[in-house]
Amino acid sequence: MNDIYNNLTSIYGEAPVKEPARQLYFIEKCRNIIENEEKRLGRKLKKCVCTFGCQMNAHDSEKIEGMLGEMGYIDSKGEEDADFIIYNTCCVRENAENKVYGNLGMLKHYKKTNPNLKIALCGCMMQQESVIKTVKEKYSYVDLVFGTHNLYKLPELLYNCLSTGESNIEILSAHGDIVEDLPSVRHFKYKASVNIMYGCDNFCSYCIVPYVRGRERSRRPEDIINEIKALVDDGVVEVSLLGQNVNSYGKGLDCDINFAKLLRMVNDIPGILRIRFMTSHPKDLSDELIYAMRDCDKVCPHIHLPFQAGNDNILKRMNRKYTKEQYIALTEKLKKEVPGIAITTDIMVGFPGEYDVEDTLDIIRRVRFAGAFTFIYSKRTGTPAAVMEDQVDPDIVKKNFNSVLETLNPIIYEINKEKIGKTYKAMAEGVSDHDPELLTGRLEDNTLIHFKGSKESIGKITDVKITDCKTFYVLGEEI
Ligand code: 5AD
Ligand code: SF4
């Protein structure tokens, strides 16, 4: 970080125009205010970053944490003792939104006990006009609101808020340039996520993401590679490359790059032991990518490949651009080229017109998924599916959802059971949260493992023998 700060002009001068220098300048300005506040109160100021939603949001929160940490905020125990609370929100499903509103109601009381408390909202939910209207009308005690396109501006927006005491709402409807090199923190010492692209152009008919995250844009390969090299220097051995649709990485860049080529470049970085990526869209999964997965020894034999629904008519109305048989053929090709590959997926139940899930169950049985995120369809205003007439009765959806779980879970268990007695390579990530005697880690195919092993192995890849299993993890011992 210090290198970047060395290039800074004095914080008493004019704010730089260029990013990231401008935000680094405002981090310093905030730090000044915060230091004065600390002197006045005789204690450090505390932050609480609450994250809703997907891995992209979790990774954005690491950037938020990084910027706030540089300003001088330390971690609070929870919301009750924080001086700055920020909700990084998700709007993919309605219940995530309701949770934010529910929590916000409670925060009003904390403002009474701590008049210095600042409350901020950011993330996908804030990109919707209706939400901003509700926040203004019902939650006017919120101090700072920004969206997905100006997260990098948190220091400047917070400075305005801290220095004037006024609330500030700034939502941009379109994205600007990608801003590189802002402070960030990592929650894990040995593994890290790296954004390779932002936004989504697919417009699946049920999904709000393209509206709130904007058009697809890829980071330059050299920026990605440099970030990963710096992570390696900092002790990271496993990277997860993140994007809504990593398979279309590189479109729009003025260089000869695609996701398969990027994987090969990352595979060549010394010090990296494991490479993961998510999420893949079946329609963009090329042979070239499958061959890159096959050839690159560090790319883990795992792919998260959402299929959503099995029925061809439903898939068409979802705008997914593949059929059931095409999806199954793709998974067969993956299994053939990448032996031992684990395929995980997202499944949605209850899309308009989906009265039964026979085709979905057929895919589950034929592909044999190693894991799945299962969702009940949630109507999102502004998406084409929200105005489709044949919305399905919730009782039917519930019944179908249970059928999906009843078919899926025994298969996941079977796949884990087949591992018992065999030896695998596990990356030991740390001591288990549930049992201090055990280590927690991941097998190459992403299976979660709790195992007896030496603490010396943490951060390393070690051989483990599988001794038992449950549906969502396996147990083992280091050998
Ligand atoms: N309702 C329910 N689930 C949804 N997803 C996206 N939009 C919706 C929605 N409107 C799910 C999809 C996607 C995952 C990230 O969230 O399964 O793959
Ligand atoms: Fe949403 Fe489809 Fe884009 Fe995934 S690919 S973020 S489901 S629009």
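Each chain carries its own residue numbering, running from 1 in the written order of its sequence. Here the convention is simple: chains get letters from A, ligands get numbers from 1, in the order in which they are written. Local features in a predicted model are, by the rule used here, given only for residues with pLDDT of at least 70; side-chain atom pairs are given and counted only at 80 or more, and totals for whole chains, interfaces and linings are based on all residues. Computation of side-chain values: all heavy atoms of the structure, hydrogens and water removed.

### Section: the domain arrangement of the protein chain
Considered domain by domain, the protein chain is made up of domain 1 (2–170), domain 2 (193–417) and domain 3 (423–478). Once you take the C-alpha centre of each, domain 2 and domain 3 turn out to be 25 Å apart. Between domain 2 and domain 3, the residue contacts involve 15 residues of the former and 17 residues of the latter. Two parts lose some accessible area (1.4 Å probe) when they are put together, and adding that loss for both gives the buried area. Of the roughly 1,200 Å² buried between domain 2 and domain 3 on both sides combined, carbon and sulfur atoms contribute 58%. Broken down residue by residue, the surface that domain 2 buries against domain 3 is led by R274, Y413 and N416, which jointly contribute 43%. Salt bridges are identified by distance alone: a Lys or Arg side-chain nitrogen within 4 Å of an Asp or Glu carboxyl oxygen. At the junction of domain 2 and domain 3, the tally comes to 0 salt bridges. Identification of polar contacts relies on pairs of N or O atoms within 3.5 Å, with a donor-acceptor requirement for protein atoms, meaning one able to donate a hydrogen and the other able to accept it, and with residues adjacent in sequence counted only if both atoms are side-chain atoms. Inspection of the region where domain 2 meets domain 3 yields 6 residue pairs in polar contact (both at pLDDT 80 or more). For helices the rule is a DSSP run of H or I covering at least 4 residues; for strands it is a run of E covering at least 2, with both sets numbered from the N terminus onward. Of all the secondary-structure elements, those providing two or more residues to the side of domain 2 that touches domain 3 are β11 (274–278) and α14 (394–417). With 5 residues, α14 is the single largest residue contributor to the side of domain 2 that touches domain 3. Looking at the side of domain 2 that touches domain 3, its residues break down into 7 nonpolar, 4 polar and 4 charged. Domain segmentation is taken from an automatic or database assignment of domains. Between two residues, a contact is recorded if the distance between any of their heavy atoms is within 4.5 Å. Under the convention adopted here, Pro, Cys and the residues Ala, Val, Leu, Ile, Met, Phe, Trp and Tyr are nonpolar, Asp, Glu, Lys and Arg are charged, and Gly plus all remaining residues are polar.

### As for the nonpolar core
Among the buried residues, those of types Ala, Val, Leu, Ile, Met, Phe, Trp, Tyr and Cys that are joined through side-chain atoms within 4.5 Å form a nonpolar core. We call a residue buried when its accessible area falls under 20% of the maximum for its residue type, exposed when it is over 50%, and partly exposed in between, using a 1.4 Å probe and counting protein chains only. Core analysis: the biggest nonpolar cluster contains 73 residues, and I228, V239, L241, F259, L263 and M293 have the highest contact counts within it. Sorting elements by how many residues they give to this core places α14 first, with 7 residues. Residues contacting L241, with those up to four places away along its chain left out, are V194, I196, I228, V246, F259, L263, V266, I275, R276, F277 and M278. Ranked by size, the runner-up nonpolar core spans 28 residues in total, among them C48, L107, I119 and I132.

### With respect to the pairing of strand β18 (residues 461–469)
Pairing between strands is defined by DSSP: at least two bridges between them are needed. With 5 bridges connecting them, strand β15 (residues 423–431) and β18 associate as antiparallel partners. Each residue of the ladder has a partner; that of Y424, found in β18, is V464. What sits between β18 and strand β19 (residues 474–478) in their antiparallel hairpin is a turn of 4 residues.

### Overview of the sheet that holds strand β14 (residues 371–376)
With respect to topology, 3 strands assemble into an open sheet ordered β12-β13-β14, the strand pairing being parallel. Strands with a single pairing partner mark the edges of an open sheet, and in this sheet they are β12 (302–304) and β14. Neighbour to neighbour, the strand axes of the sheet diverge by 10 degrees on average, direction disregarded. Across 3 bridges, the pairing between β12 and strand β13 (residues 342–349) is parallel. Across the sheet, residue I303 finds its bridge partner in β13, namely I343. Packed onto the sheet, α14 meets β13 and β14 and runs at close to 175 degrees relative to β14. Each axis is a line fitted through C-alpha atoms, and for a helix only the stretch in contact is used; angles between axes span 0 to 180 degrees, taken between their N-to-C directions.

### Details of the packing of helix α3 (residues 55–71) against helix α6 (residues 154–164)
Axis separation between α3 and α6 bottoms out at 10 Å; the angle between their running directions is 50 degrees. Our classification of the angle between α3 and α6 gives oblique. For α3 against α6, the interelement crossing comes out right-handed. Contact residues: I64, M67, L68 and M71 in α3; L154, P155 and L158 in α6. Oblique is the label for any angle not under 35 degrees, not over 145, and not in the 65 to 115 range, which are roughly parallel, roughly antiparallel and roughly perpendicular in turn. Less than a right angle of anticlockwise turn of the near helix away from the far helix marks a crossing as left-handed, whereas a clockwise turn marks it as right-handed.

### Concerning the site of ligand 1
Being near a molecule or strand, for a residue, means having at least one of its heavy atoms within 4 Å of it. For ligand 1, the full set of nearby residues is V92, R93, Y206, Q308, D346, M348, F375, I376, Y377, S378 and R380. D346 is positioned with one of its side-chain polar atoms (N or O) 2.6 Å from an oxygen atom of ligand 1. Contact between ligand 1 and S378: a nitrogen atom at 2.8 Å from a main-chain N or O atom of the residue. Out of a free accessible area of 400 Å², ligand 1 has 85% covered by protein chains. Here the residues of the shell around ligand 1 are counted per class, giving 6 nonpolar, 2 polar and 3 charged. With residues, only the protein chains shown are counted as cover, and all accessible areas are computed by Shrake-Rupley using a 1.4 Å probe.

### What to know about the packing of helix α13 (residues 358–367) against α14
Packing of α13 against α14 brings their axes to within 10 Å, and their N-to-C directions diverge by 0 degrees. With respect to their mutual orientation, α13 and α14 come out roughly parallel. Contact with α13, carried on its side by T360, L361, I364 and R365, involves S403, V404, T407, L408 and I411 of α14 and no other residues of that element. Looking at the contact of α13 with α14 residue by residue, the classes come out as 5 nonpolar, 3 polar and 1 charged.

### Here we look at the layout of surface pockets
Approximately 1,100 Å³ is the volume attributed to the second largest pocket. Here a cavity means grid points, on a 1 Å grid over the protein atoms only, where a 1.4 Å probe fits yet cannot get out; a pocket means an open set of points with protein on both sides within 12 Å along at least five of seven lines; lining residues are those with an atom within 4 Å of a point. What lines the second largest pocket is a set of 39 residues, and nearest its centre among them are K63, E180, D181, L182 and E227. Among the elements of the structure, α1 (2–6), α3, β7 (191–195) and α8 (221–233) are those that each provide at least two residues to the lining of the second largest pocket. Along the lines of polarity and charge, the residues of the lining of the second largest pocket split into 14 nonpolar, 11 polar and 14 charged. Taken together, domain 1 (2–170) and domain 2 (193–417) each give at least three residues to the lining of the second largest pocket, which thus spans both. Grid points are joined across faces, edges and corners, and a volume is the space filled by probe spheres set on the points.

### Re unusual backbone geometry
The omega torsion of the bond from E19 to P20 falls at 5 degrees, within 30 degrees of zero and hence cis. Of note, P20 is situated in the loop between α1 and α2 (21–41). Backbone torsion omega between M278 and T279 reads 5 degrees, so that peptide bond is classified as cis. Its place among the elements puts T279 in the loop between β11 and α10 (287–295).

### Observations concerning the side chain of E156
Mapped onto the elements of the fold, E156 is located in helix α6. Looking at E156, its side chain comes within polar contact range of the side chain of R22, at 2.8 Å. Among all residues touching E156, those that are not within four sequence positions of it are R22, Q23 and F26.

### As for the pairing of strand β17 (residues 448–452)
Note that strand β16 (residues 439–443) and β17 share 4 bridges and pair antiparallel. Residue T440 lies in a different strand from β17, and its bridge partner there is H450. In this structure, β17 lies alongside β19, joined through 4 bridges in parallel fashion. Within β19, the residue paired with H450 across the bridge is L475.

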